[in-house]
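Structure at a glance
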Amino acid sequence: MKRSSILLVVALAVVLVLTWSFLALAQEETSELELQTAEAAFQAADKGNPDPAWQGQKFTIGVYSAGPRGAISGPLYFWRPFFEKLTGATYDIVEIPFGELREKIFTDLMTGTGYYDVIIGPSWFYGDYVSNGWIVPIDKYFDDPRMPKWDRDSILLPIRELLQWKGTWYGFNNDHDGQVLYYRRDILTDPKWQELFKQEKGYDLPVPPRTWEEVYDVCDFFNGKDWNGDGEKDYGITMHLKVGGQGFFHFMALSAPYVVSPAPGDDPTKVTRYHNVYWFDPETMEPLVDTPGFVEALKMLLKLSKTGPSAMWGWSLGEAWDAFLRGKAVLTFSWGDVGSLSQLPESSNIKGKLGVAPIPGSEKYYDLETQQWVNQRNFVANTVGASWHGVISKFSKKQDLAAYFLSWQATPEINHWNVVWGWTGIDPGTLYDLLKPTGYADIEDYVQTGYDAEDARQFVTAYEEMWYKYPLRQAYLRIPGTPEYWEVWDIHLSEAVVGQVSPEEALRRTKEDWNAITDRLGRENQKKIYQEAIGYVPEK
């Protein structure tokens, strides 16, 4: 295993252990209420008509190793007795360490062994899944009277598209990942700090910061001040910048508004060779990673890194989260887990002080067609992360039973229960998670599980605005070799962060490595899959 892979595995393992420990503590304290609300969700959810022939059968689920109280795998353990009661069938849960997921799952699929009937995996496996025909389309189950009905239209569009390929459904609704901005609401709305900010920066303190330029000003202002009153200097931002610490996900979300530009004409979301593209030129598979938008974004990341603790250059995800949750940084940006963790007294002292906003935009963006900067604010939604969800192996001999289980888990009542109980690691991303009047949820859904009402409102509304109202979206990379592309990117980004090379050189090296990977895997085939993945239709 390469050094970078080892680092990535170790870092993720530390992060997941921290997260799962926090979440396990929360669940132990609320188990009675959990069971009551779960029973209500079970009774309310559609159950279809389980086939009597399934009684006594068993299938196998492969999922990354988080334990019976852990994120993503935990709900599988929790709901198993309900499933057995419902169908007379059961399932085995095979936990796979994160760093072994690709090897074990792909080996099972490549050899046609069919050990895993269901795979709860990341969305970045789709390029391999679909191009090799390893998973089955699931459209045929939607009108099957045996199957519970789940509300596909309620899944917010950016996530819904991750479950499909060229309009055909392969994935069942479950988790919904994307990065948003978290900040200290109590500090940024304090008149004392607002007055001092205006004196120093010359304009009103933005609450919340809406662009990365505003984020920098806020972090630069608060960094080095004792704004939490503990007698020590505090920080502006906290990030995880260690190689293998998922820092490239930070850069992915930050860089999108500098790189992704709207299409001219009536439909700004149209994917053209130059517009609404992020990873590669869809005509040539030439990487875009060294274009001026990426360079500008990396310079912004480096500026931001100077407004936080220098130790974060060696931090993984858990350490970065902890600095914010313990009240030492005024701001961070990350996944929905931070919203859940901020409500747990074991991991946080900022409950009731949380502000959340959609991922910031930029004050300008680079137009690849005109090769000019456009001085106009640009906002781009992201689905950065795994969005863990179930697919069915082509080699499974229990496909119908597996489809029944995944359909039942995708019903609004069960899925929403998983979302509001944050220990599950399943983040919001459907209309029934969003608050009325846009969505169907009530704030009480969240408050009864321990959320502060205003924290919950901010948390859910940030995702609503980003996925429901932002004008543009960042394409998700779903081509064979995606983990390889990301590993070398992570390494070269780190070289720039620690000052070993310039931003331009780090991105040039990334481009060179990405071209080598593309050539090795076959440029024409990679291009075909990339075009399908982003919905690009070549002009004739």
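Basis of the calculations
- Residues numbered from 1 in each chain as written.
- Predicted model: local features only at pLDDT ≥ 70, side-chain atom pairs only at ≥ 80, totals over all residues.
- Heavy atoms only, no water.
- UniProt positions renumbered as here; feature names shortened; annotations may be inferred.
- Helix = DSSP H or I, 4+ residues; strand = E, 2+ residues; numbered from the N terminus.
- Rg over C-alpha atoms; globule rule 2.2 N^0.38 Å.
- Buried < 20%, exposed > 50% of the residue type's maximum accessible area, 1.4 Å probe, protein only.
- Contact = heavy atoms within 4.5 Å.
- Phe/Tyr/Trp six-rings, centres within 6.5 Å; stacked < 30°, edge-to-face > 60°.
- Lys NZ or Arg CZ within 6 Å of the ring centre and 35° of its normal.
- Pairing = 2+ DSSP bridges.
- Axes fitted to C-alpha atoms, helices over the stretch in contact; angles between N-to-C directions.
- Left-handed = near helix turned anticlockwise from the far one by under 90°.
- Core = buried A, V, L, I, M, F, W, Y, C linked by side-chain atoms within 4.5 Å.

As recorded by an unreviewed UniProt entry, the chain carries the name Extracellular solute-binding protein and is attributed to Thermatribacter velox. According to the UniProt record, the Sequence similarities (unreviewed entry) comment for the chain is "Belongs to the bacterial solute-binding protein 1 family." Note on the chain: under the UniProt heading Subcellular location (unreviewed entry), the record states "Periplasm".

Our focus in this paragraph is the overall build of the chain. On a plain count of helices and strands, the chain comes out with 20 helices and 14 strands. Relative to a compact globule of 540 residues, whose C-alpha radius of gyration would be 24 Å, the chain shows 23 Å and is just as compact. Reported as C-alpha extents along the three principal axes, the dimensions of the chain are approximately 70 × 55 × 50 Å. Scored against the burial criterion, the 540 residues of the chain give a buried share of 61%. Excluding contacts between residues fewer than 6 apart, the proportion of contacts in the chain whose partners are at least 24 apart in sequence is 74%.

Turning our attention to the packing of aromatic side chains. The full count for this structure, using the stated rule, is 65 aromatic pairs. Relative to Phe172, the ring of Trp150 has its centre 5.7 Å away and its plane inclined at 35°; by these criteria the two rings are tilted. Taken as a pair, Trp150 in the loop between α5 (126-131) and α6 (157-160) and Phe172 in the loop between β5 (168-169) and β6 (180-184) lie far apart in primary sequence, 22 residues in all. An identical accessibility class is assigned to Trp150 and Phe172; each is buried. A cation sits over an aromatic face here: Arg69 above Trp423, 6.0 Å from the ring centre. Seen from the ring of Trp169, Arg152 lies directly overhead, with NZ or CZ sitting 5.8 Å from the centre.

Spatially, the 4 strands line up as an open sheet ordered β7-β8-β6-β9, and their pairing is mixed. Single-partner strands in this sheet number two, and they are β7 (235-237) and β9 (354-357). The mean inter-strand angle of the sheet, taken between neighbouring strand axes irrespective of direction, is 20°. With 4 bridges connecting them, β6 and strand β8 (residues 329-334) associate as antiparallel partners. Looking across to β8, one finds that Tyr182 is bridged to Thr332.

Structurally, Asn174 can be placed in the loop between β5 and β6. With near-sequence residues (within four places) excluded, Asn174 lies in contact with Ile120, Trp388, His389, Asn415 and Ile426.

The residue Leu86 is located in helix α3 (residues 74-87) in this model. Taking relative accessible area as the criterion, Leu86 reaches 17% and is therefore assigned buried. Along the sequence, Leu86 and Phe42 sit 44 residues apart, while their C-alpha atoms lie 9.7 Å from each other. Setting aside chain neighbours within four positions, we find Leu86 in contact with Phe42, Lys47, Pro50, Tyr404 and Trp408.

Here Lys511 is to be found in helix α19 (residues 503-521). Separated by 222 residues in sequence, Lys511 and Val289 have C-alpha atoms that sit 6.1 Å apart. If we ignore the near neighbours within four places in the chain, the residues touching Lys511 are Glu286, Pro287, Val289 and Asp290.

We now examine the packing of α3 against helix α14 (residues 399-409). At a minimum axis separation of 12 Å, α3 and α14 run at an interaxial angle of 120°. In this structure, the crossing between α3 and α14 has a hand that is right-handed. Residues Leu76, Trp79, Phe82, Phe83, Leu86 and Thr87 of α3 touch α14, and the partners they reach there are Leu401, Tyr404, Phe405, Trp408 and Gln409.

Turning next to the nonpolar core. Ranked by internal contacts, the top residues of the largest apolar core, which has 179 residues, are Tyr129, Trp279 and Trp489. If you tally residues by element for this core, the top one is helix α10 (residues 247-259), at 9 residues. Setting aside its immediate chain neighbours within four residues, Trp489 contacts Phe248, Phe251, Met252, Tyr278, Trp279, Val289, Phe294, Leu507, Thr510 and Trp514.

What follows is about the sheet that holds strand β13 (residues 389-392). Taken in spatial order, the 4 strands line up as β2-β1-β3-β13 in an open sheet, and their pairing is mixed. Across the chains shown, the open sheet's two edge strands, defined by having one partner strand only, are β2 (90-96) and β13. Strand-to-strand, the axes of this sheet are offset by a mean angle of 25°, without reference to chain direction. Note that strand β1 (residues 58-64) and β2 share 7 bridges and pair parallel. Bridge pairing in β2 places Thr60 opposite Asp92. In this fold α3 packs onto β1, β2 and β3 (118-121), with an angle of close to 170° to the strand it touches most, β2. The sheet strands contacting helix α4 (residues 101-111) are β1, β2 and β3, and the helix crosses β2 at an angle near 130°.

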